[in-house]
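One-letter residues, chain by chain:
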Amino acid sequence: MKKIIRDPEKIAAIELYDAVGSKIGFNLNDGSGQDQFLKSISESLGRDRSNPIVLHGKRTEYMFGYVIASLGKYSLIKIEDSGETYTQSSDIQIPDWRIAKPSEQFLVEVKNHHPKNPLAKFRLKRAYWEKLKRYGDLCGCEVKLAVYWSEWNIWTLNSPEKMTHLEDNIVFDLGEGMKKNEMNLFGDMSIGTTPPLKFRLVANREKPGVIREDGTVEFTIGKVELWCGPNEIKEKLEKSIAFYFMLWGKWPCSRGIAKINNGVLEAVEYIAEPENYTDNQNFEFVGELSGMLSRQYNEATSTKGQITCFSPKIEPEMMNILMDINHKGDKLPLSRFILRPNYET
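Quantities reported herein were computed from a predicted structural model and do not represent experimental measurements.

Rules used throughout
- Residues numbered from 1 in each chain as written.
- Predicted model: local features only at pLDDT ≥ 70, side-chain atom pairs only at ≥ 80, totals over all residues.
- Heavy atoms only, no water.
- Pairing = 2+ DSSP bridges.
- Helix = DSSP H or I, 4+ residues; strand = E, 2+ residues; numbered from the N terminus.
- Expected span 1.5 Å × (residues − 1).
- Buried < 20%, exposed > 50% of the residue type's maximum accessible area, 1.4 Å probe, protein only.
- Arc of directions from axis to C-beta.
- Contact = heavy atoms within 4.5 Å.
- Phe/Tyr/Trp six-rings, centres within 6.5 Å; stacked < 30°, edge-to-face > 60°.

It is not clear to me how the pairing of strand β12 (residues 221-228) should be interpreted in this structure. Could you clarify?
On any regular strand, side chains alternate: one points to one face of the sheet, the next to the other face. Summarising the sheet, strand β10 (residues 197-203) and β12 pair through seven bridges and their orientation is antiparallel. Paired with F199 across the two strands is L226, which belongs to β12. As paired strands, β12 and strand β13 (residues 231-233) are joined by three bridges and run antiparallel to one another. When the sheet's bridge partners are listed, L226 is paired in β13 with I233. Adjacent in sequence and paired antiparallel, β12 and β13 are bridged by two residues, among which G229 carries a positive phi angle near 60°.

Given below as structure tokens:
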């Protein structure tokens, strides 16, 4: 799936100019309008750029679209709440995204949940949800709620009418969100493989790295190896998948570990493995696809913790190396778990 490239300077500028003019009282031919427009936009931009809630909220909206596009199950992912809208009902709220394929479509409202207490419950005003639902009814579409639990890097997709209602709010914690999670609709799944994953820089044997008395060593890389558990990975795609897991999976990765034999540096290893192993189990969860895609997205849109853009330059189809869900691992065994919602109390 590829992003349709628009020309914002050519298309959006005049539309924004007209919209601002309609609001504050100038027209397209008003000579003084441009100064008023620039002043209004400058003030608004200044407020938003200095407001982390606005920045992270907007980036989360865009990230959801990229994640769903990268999962590749739906053929159209489009921002819904933009452009002119005419309606006979004023008591509506337009959701953020329309997710569609020929056989079905959904509308999705996206929320970033980043409380000071990471265990705090998510809350949504019921009146707000009812406005979203009325819009969905007008479109003949079901409306879903996507919440990004940022402290945990977890996405949940829920049907609010099936969540806990408390007085005038829809209230649920991560546990309920996960229990009733519908992200499988969009192709999300949990991935497991055999730990540890190991990235080895092997020294060139013809140029041995002898460690000097001062502790320094000249190291020439002879080859690069990737290992899964006790097996070296040879196949190209499996190497790419293993490296992807090391970069974006949830297993901690060690710093370079020097392998020394008789004063000679033989290799430098980087090892990714879970903090705890499960007894009598030959795999561990390396993460959800949506979580790995979100880590990649966050890295591509920020520098040193500061948001630099809302959309990365990389195409969505290039972000998910596991697009082929039928791929069977050889030296990199893959366990796929599709989690379905449980609405029973």
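Before we go on, may I ask you to explain helix α1 (residues 8-24) in this structure?
For an α-helix, the turn length of 3.6 residues means that residues three or four places apart are oriented alike. Here α1 is 17 residues long and its end C-alpha atoms lie 22 Å apart, about the 24 Å a rise of 1.5 Å per residue gives. Restricting attention to buried positions, one finds in α1 the residues Y17, V20 and G21. For α1, the buried positions fall inside an angular range of 100° around the axis, keeping them on one side. Set apart from the buried face of α1 by more than 90 degrees, the exposed residues are S22 and K23. Buried residues in α1 make contact with α2 (33-49). Backbone geometry just downstream of α1 places G25 in the positive-phi region, at approximately 100°.

Please clarify how the environment of S335 should be interpreted in this entry.
Relative to the assigned elements, S335 resides in strand β19 (residues 335-337). Separated by 330 residues in the primary sequence, S335 and I5 have C-alpha atoms spaced 36 Å apart. Each residue touching S335, except ones within four places of it in the same chain, is listed here: S190, I191, G192 and F283.

How should I be thinking about the packing of aromatic side chains in this particular structure?
To describe a pair of aromatic rings, you give the distance between the ring centres and the angle between the ring planes. The final tally for this structure, using the stated rule, is 17 aromatic pairs. Considering the side-chain rings of Y62 and F310, the 5.7 Å spacing of their centres and the 25° angle between planes classify their relative orientation as stacked. Here Y62, found in helix α3 (residues 52-71), pairs with F310, found in the loop between β18 (306-307) and α8 (316-319); they are 248 residues apart in sequence, far enough to count as distant. Centre to centre, the rings of F122 and F172 are 5.4 Å apart; their planes meet at 50°, and the pair counts as tilted. Here F172 lies in strand β8 (residues 169-172) and F122 lies in strand β4 (residues 122-125), a separation of 50 residues in the sequence.

Would you mind showing me how to read unusual backbone geometry here?
It is generally the case that most residues other than glycine have a negative phi and that most peptide bonds are trans. P196 follows P195 through a cis peptide bond whose omega is -5°. Of note, the phi angle at N153 is positive, near 55°, even though the residue is not glycine. Here N153 lies in the loop between β5 (142-149) and β6 (154-158). Given a relative accessible area of 9%, N153 falls into the buried group. Residue K304 is not a glycine yet carries a positive backbone phi of 55°. Of note, K304 is situated in the loop between β17 (302-303) and β18.

By themselves, these are just geometric observations and shouldn't be taken as functional.
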